[in-house]
Amino acid sequence: GLGGRINTVLQTCFFALSGVLPRDEAIRRIKAMITHSYAEKGAVVVAQNNAAVDQALAELHEVIIPAIATSVLERPPIVPATAPAFVKRVTAAIMAGHGDALPVSAMPVDGTFPLGTAAWEKRNIAEDVPIWETDLCIQCGQCSIACPHSVICARFFDVARLVDVPETFKTAPVNARGYPDTRFTLQFYVEDCTGCGLCVEVCPAHAVDDPNHRAINMAPKAPVLVSERANIAFFETLPVNDRALVDFADVRGVQFLEPLFEFSGACGGCGETPYLRLLSQLFGDRAQIANATGCSSIYGGSLPVTPWATDKAGRGPAWSNSLFEDNAEFGLGFRLAADMHLALAVRLLRDLAPSLGADLVEAAIAAPQIRESEIVAQRQRVAALRARVTALGDAPGARDLLSVLDHMVRRSIWLVGGDGWAYDIGFGGLDHVLASGRDVNVLVLDTEVYSNTGGQASKATPLGAVAKFAAAGKRTARKDLALQAIAYGNVYVAQVAMGANPQHTLLAMREAEAWPGPSLILAYSHCIAHGYDLRYGMKQQDLATASGYWPLFRFNPAMRRAGEAPFRLDSPRPSIPLKDYAYNELRYRSLAASRPEEAAALLAQAGTAVMEKYAQYEAL
Ligand code: SF4
Ligand code: SF4
Ligand code: SF4
């Protein structure tokens, strides 16, 4: 009943063996603390912990260490021999707990660390992993977009590539007309899987006679580990799909975009990370990310590894972390710097236009850069210009132009953080940045609590939910940050929930990025702090929207310019009672257990608030 938690068991064993306190007294005190700590979570949680204490004592026995080890299992090296030199020399040493022994000279002199290093940290924490059934799969992309750890990678490729294929490597004919020689595959990086099961829950395809038998199903990892390593090695020989051939407008198409955020150490089933993976896929090396402190900065960039990665050419998103209180301003600085570099590039291009070709220069300056095809065309112009500028050698301005020429490809500036940053501590700065009118994109990974520090209430915490500093249930409704931003009129605002509608999330992220002013996306993110099995996280997001608690909408100032209504309420009217969503989560349910009358009153109040808020949005 305690899931993966081991603290109660280990604590019991420690005090039973150590003699720090008389055994009976220690156990009595442990049980008293269980009641004290978990009473608010309900009698079931208290009983589960007490049962864990009793069971731990019953099973506690001595393990005799044999004189000779007989196991044939061997501990693999910290990182494989194929890892880059820095990873072997520095990252692996830190992973092994020998970081203190590294000399200062081992550190990068400018403080920048290699990217994509999480890929070398094979944690192997899942006992069960998804197994793909090619004949049931409809190639919809739902599993790969939802996987919090970027474990699932899709690719299409020419059948002629299937040479020297491992016996267990699975493919299927690609599910599209006109491509008879093209195969589809889904590769699962099983050593990076957390076993959360979320992908199985979102898979819409199942056997005709058994709705519980999906196109992916969890099964023990041990029997497939060796063969999957071979499959992954083969998969990595397949060419990455050309971005120009991928349909960016569709979840099914987006699964083929290379993720540049992979294998993060977020909690199994985390609701934040799928949004970041999608961001990395859509905007790739054009993305510059200012990340506020919080969960996303911890799993995003804590030594020794980072999940932010590069493509084979060594290009990827630029990422940096700043504080809760100044991240919006930090990201605005990215925008201002990019604008200055662009202005310098344009001036130098015009100065050198007689040598570079006026037509090419003006085409590059005037180029539209919204759609991916336009970005691809601009990259080609910039490559042509680079060759011509390089040929100018030491001509005045040529070297300066080379240093800023890449800015002719539009930068995509993202300010990322949680609700603690956006609603609370960094709100003043965020408001300032939104009011600046500058082209920045704000992604709020909204877990409705301070997740990283243990679940304290923020201004995003909903009415009636229990959180730290709101032990009796929060008595006020969450702040409507979306409406505040909409009030500016020139800010693109979207409220999304990937589990409710991934296609809507995709649309909002692309629209926000395309809008040449400030954008704000509030992204519902399920979290362990909500108190339920995150295997059902995406389903719970769907219920949040179905209950009207988390309506999906977009406010797009571009629509107003086109003469249309800028506000679109994208989810239907509430179709289930709030209770059917809320009481799946311990943060709501625990109050019902400890203070049933207050909980009922708060739930009724919250239900009314939901309907009033929905009516307010409908009127927009
Ligand atoms: S079980 Fe979880 S981590 Fe593993 S592939 Fe599925 S969604 Fe990803
Ligand atoms: S969600 Fe299921 S049907 Fe869709 S691609 Fe994944 S395995 Fe196939
Ligand atoms: S605490 Fe919540 S938001 Fe943070 S990594 Fe875990 S699940 Fe994700």
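Rules used in this analysis
- Residues numbered from 1 in each chain as written.
- Chains lettered and ligands numbered in written order.
- Predicted model: local features only at pLDDT ≥ 70, side-chain atom pairs only at ≥ 80, totals over all residues.
- Heavy atoms only, no water.
- Helix = DSSP H or I, 4+ residues; strand = E, 2+ residues; numbered from the N terminus.
- Rg over C-alpha atoms; globule rule 2.2 N^0.38 Å.
- Buried < 20%, exposed > 50% of the residue type's maximum accessible area, 1.4 Å probe, protein only.
- Contact = heavy atoms within 4.5 Å.
- Near = heavy atom within 4 Å.
- Nonpolar A, V, L, I, M, F, W, Y, C, P; charged D, E, K, R; others polar.
- Salt bridge = Lys/Arg side-chain N within 4 Å of Asp/Glu carboxyl O.
- Polar contact = N/O pair within 3.5 Å; in protein donor to acceptor, adjacent residues only side chain to side chain.
- Phe/Tyr/Trp six-rings, centres within 6.5 Å; stacked < 30°, edge-to-face > 60°.
- Lys NZ or Arg CZ within 6 Å of the ring centre and 35° of its normal.
- Disulfide = S-S within 2.5 Å.
- Pairing = 2+ DSSP bridges.

A. Region of the structure containing the overall build of the protein. A tally of helices and strands in the protein yields 24 helices and 17 strands. Against the globule reference of 25 Å for 620 residues, the protein gives a C-alpha radius of gyration of 26 Å, in line with a compact fold. Seen through its C-alpha atoms, the protein measures out along the principal axes to roughly 90 × 65 × 60 Å. Taking all 620 residues of the protein together, the buried fraction comes to 50%. At a minimum sequence separation of 6, the contacts of the protein that also span at least 24 residues come to 74%.

B. Structural context of the site of ligand 2. Looking at ligand 2, there are 13 residues lining it, with C137, I138, C140, C143 and C203 nearest. Residues of the shell around ligand 2, tallied by class, amount to ten nonpolar, three polar and no charged.

C. A look at the pattern of salt bridges. All chains considered together, the criterion is met by 30 salt bridges. The salt bridge involving D54 is made with K31; its shortest N-O contact spans 2.7 Å. Taken together, the residues D54 in helix α3 (residues 43-59) and K31 in helix α2 (residues 23-38) connect sequence positions 23 residues apart. According to the relative accessible area criterion, D54 is partly exposed, its value standing at 40%. The exposure class assigned to K31 is partly exposed, which follows from its relative accessible area of 25%. Measuring nitrogen to oxygen at the nearest pair gives 3.7 Å for the salt bridge that ties D351 to R347. Here D351 and its partner R347 are both found in helix α11 (residues 327-351), four residues apart, which amounts to about one turn of the helix.

D. Layout of unusual backbone geometry. Here the amide bond leading from L303 into P304 is cis, since omega sits at 10°, within 30 degrees of zero. Backbone geometry places N124, a non-glycine residue, at a positive phi of 50°. Within the fold, N124 resides in the loop between α4 (85-95) and β1 (128-132). Given the relative accessible area of 27%, N124 is considered partly exposed. Within the chain, D164 stands out as a residue other than glycine whose phi angle is a positive 55°.

E. Structural detail: the side chain of Q288. Here Q288 lies in strand β8 (residues 287-292). In this structure the side chain of Q288 is engaged in a polar contact, spanning 3.3 Å, whose partner is the side chain of R411. In this structure Q288 touches A318, F334, R411, S412, I413 and W414, once residues within four positions along its chain are discounted.

F. Quick look at the packing of aromatic side chains. Under the criterion given, the structure shown has 20 aromatic pairs. Centre to centre, the rings of F14 and F15 are 5.1 Å apart; their planes meet at 85°, and the pair counts as edge-to-face. Overall, the relative accessible area of 22% leaves F15 in the partly exposed class. Both rings, one in Y189 and one in F235, keep their centres 6.3 Å apart while their planes meet at 85°; by these two values the pair is edge-to-face. Residue Y189 is located in the loop between β4 (182-188) and α6 (198-202), and its partner F235 is located in helix α7 (residues 225-235); the two are separated by 46 residues in the primary sequence. In this structure, Y189 and F235 share a single accessibility class: buried. Put simply, the rings of Y524, Y549, W550, Y581 and Y588 touch in pairs and so form one group of aromatic residues. Here the guanidinium or amino end of K122 rests over the ring plane of F263, the centre of that ring lying 5.0 Å away. Between the NZ or CZ atom of K479 and the centre of the ring of F427, over which it lies, the distance is 3.7 Å.

G. Local environment of the state of the cysteines. This model, assessed by the stated rule, comprises zero disulfides. Looking at C153, it has no disulfide partner, and the nearest cysteine sulfur is the one in C147, 8.7 Å off. Judged by its relative accessible area of 6%, C153 is buried.

H. How the structure looks around the sheet that holds strand β2 (residues 152-158). Spatial ordering of the open sheet is given by β2-β4-β3, a layout of three strands whose pairing is antiparallel. Strand pairing shows two members of the sheet lacking a second neighbour, β2 and β3 (172-173), which therefore form its edges. Note that β3 and β4 share two bridges and pair antiparallel. Paired with A172 across the bridge in β4 is F184.

The values are spatial; any link to function lies outside them.
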